[in-house]
Amino acid sequence: MTMIAFIGLGNMGGPMAGNLVKAGHTVKAFDLSQASKDAASELGVGIAASAKDAVAGAEIVVTMLPAGKHVLGVWGDILPAVSPGALLIDSSTIDVESARKAHALAAERGCLSLDAPVSGGVGGAKGATLTFMVGGSAEAFAKGEPILSAMGRRVVHCGDAGNGQAAKICNNMILGISMIGVSEAFVLAEKLGLSHQALFDVASTSSGQCWSLTTYCPVPGPVPASPANNEYKPGFASALMLKDLKLSQEAAQAAGASTPLGAAAAQLYALHNAWGEGGTDFSGIIHLLRGRDGA
Ligand code: NAD
């Protein structure tokens, strides 16, 4: 049993903290929102009066917050109260630069740290089936891995500080681009009089095969469990896809990498979200590609 502090009990953090309790750990947590605290409390998570109170005496501190500025703000606030030698893990999806700054803050305090963003969404957070992409030292990884395993199914060490975030945004850039590619092919097939099922049967067993087609097909029918069969209820919301694509473009600019398809994908998701689709699943981008009237 480990004493764990958990800051950020939203859609992802609440169930993740609950899974740590289920695994037999003692969890003291904090969130700014009363509703989030109430929901986590029902899962057996102990609620502290402040983030600083939550981390007092903790061996491991996990944060699950919206963006880089929140993570740097919270880590800056709690670090003076964290015991030197403790391990801090940030599982939020944030920019690589902020992640590396957070690691530096932890090191100044004599603490170990990991960036450990996730894929798998709210379903994965509830079912403890997340994939963690982890950046940080071998020592920090060895200490954090058993804790992350209680919240997920796969824990991949991607290298040094910031590399977990780098893996996450590279993966999601592939996902955004491939979903648009698959959707464009279905729209073209519709115009050419080719049925969704016929295109699926060919492409899913040919060189066009990819996850966006075979697991998350953007038209109803061929893959019964995909969000397209459920009015594009997320799943993975378009607003979060846009967030991740923007992070990939910031990183590409900072690193001098050329990612023209990533840039185009970010523009298309920005337009889709501007049409009020930020809350629907990201595979709903097919509506944008058909044109607003769906013609
Ligand atoms: P969320 O908005 O539901 O939760 C964030 C929580 O952080 C909120 O409860 C908020 O009150 C709390 N918070 C903000 N500032 C705080 C502070 N200073 N102190 C304490 N609490 C604070 O978001 P989420 O869906 O849980 O996502 C969290 C992170 O995980 C994001 O970085 C997101 O990009 C990433 N992510 C989300 C999903 C998903 O499907 N929702 C999937 C993968 C990764």
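Everything numeric here is computed off the predicted structure, so don't read it as measured data.

Novice: With reference to specific residues and values, describe the UniProt feature "domain: 6-phosphogluconate dehydrogenase NADP-binding" (unreviewed entry) in the protein chain.
Specialist: In the numbering used here, UniProt assigns the feature "domain: 6-phosphogluconate dehydrogenase NADP-binding" (unreviewed entry) to residues 4–159. Between the C-alpha atoms that bound residues 4–159 there is a distance of 24 Å. The span itself is 42% helix and 25% strand.

Novice: Give me the packing of helix α8 (residues 163–192) against helix α12 (residues 260–277): which residues, what numbers.
Specialist: Geometrically, a packed helix pair is captured by the angle between its two axes and the distance between the axes. Where α8 contacts α12, the axes come no closer than 9 Å and their chain directions differ by 70 degrees. One element, α8, and the other, α12, form an angle in the roughly perpendicular class. Here the hand of the crossing between α8 and α12 comes out left-handed. Each of Met173, Gly176, Ile177 and Ile180 in α8 lies in contact with α12, whose residues at this interface are Leu261, Gly262, Ala265, Leu268 and Tyr269. Class assignment of the residues belonging to the contact of α8 with α12 gives a composition of seven nonpolar, two polar and no charged.

Novice: Go over helix α4 (residues 68–78), please, and point to the residues and values.
Specialist: Three or four residues apart is the spacing at which side chains of an α-helix point the same way, because the helix has 3.6 residues per turn. Among all positions of α4, only Gly68, Val71, Val74, Trp75 and Ile78 are buried. The arc that holds every buried residue of α4, seen down its axis, measures 135 degrees, which confines them to one face. Those residues of α4 that are exposed and aimed more than 90 degrees away from the buried face are Lys69 and Gly76. On its buried side, α4 packs onto β1 (3–7), α3 (51–55), β4 (60–63), β5 (87–90) and α5 (96–108).

Novice: Quick one: what's the story with the site of the ligand, residue by residue and with numbers?
Specialist: In the vicinity of the ligand, 27 residues are found, and the nearest of them are Gly10, Asn11, Met12, Ser92 and Thr93. Going through the elements one at a time, α4, α6 (121–127) and α11 (238–255) are the ones with two or more residues in the shell around the ligand. With three residues, α4 is the largest single contributor of residues to the shell around the ligand. Of the residues contributing to the shell around the ligand, the split by class is 14 nonpolar, eleven polar and two charged.

Novice: Could you give me a rundown of the nonpolar core, with the residues and numbers involved?
Specialist: If you look at the biggest cluster of nonpolar residues, it comprises 90 residues, and the most contacted ones within it are Phe6, Ala29 and Val61. For this core, the element with the most residues is α8, which contributes ten residues. Once you skip the residues sitting within four places of it in the chain, Val61 turns out to touch Ala5, Val55, Ile78, Val82, Ala86 and Leu88.

Novice: Please give an account of unusual backbone geometry that cites residues and values.
Specialist: Residue Gly235 follows Pro234 across a cis peptide bond; omega there is 10 degrees. With respect to the element layout, Gly235 can be found in the loop between α10 (211–214) and α11. Located in the positive-phi region is Glu231, a residue other than glycine, with phi close to 50 degrees. Structurally, Glu231 is set in the loop between α10 and α11. Residues other than glycine seldom take positive phi values, yet Tyr232 does so here, at roughly 60 degrees. Relative to the elements of secondary structure, Tyr232 occurs in the loop between α10 and α11.

Basis of the calculations
Residues numbered from 1 in each chain as written. Predicted model: local features only at pLDDT ≥ 70, side-chain atom pairs only at ≥ 80, totals over all residues. UniProt positions renumbered as here; feature names shortened; annotations may be inferred. Helix = DSSP H or I, 4+ residues; strand = E, 2+ residues; numbered from the N terminus. Axes fitted to C-alpha atoms, helices over the stretch in contact; angles between N-to-C directions. Parallel < 35°, antiparallel > 145°, perpendicular 65-115°, else oblique. Left-handed = near helix turned anticlockwise from the far one by under 90°. Contact = placed C-beta atoms within 7 Å. Nonpolar A, V, L, I, M, F, W, Y, C, P; charged D, E, K, R; others polar. Buried ≥ 20, exposed ≤ 12 C-beta atoms within 10 Å, placed from the backbone. Arc of directions from axis to C-beta. Near = placed C-beta within 6 Å. Core = buried A, V, L, I, M, F, W, Y, C linked by C-beta atoms within 7 Å.

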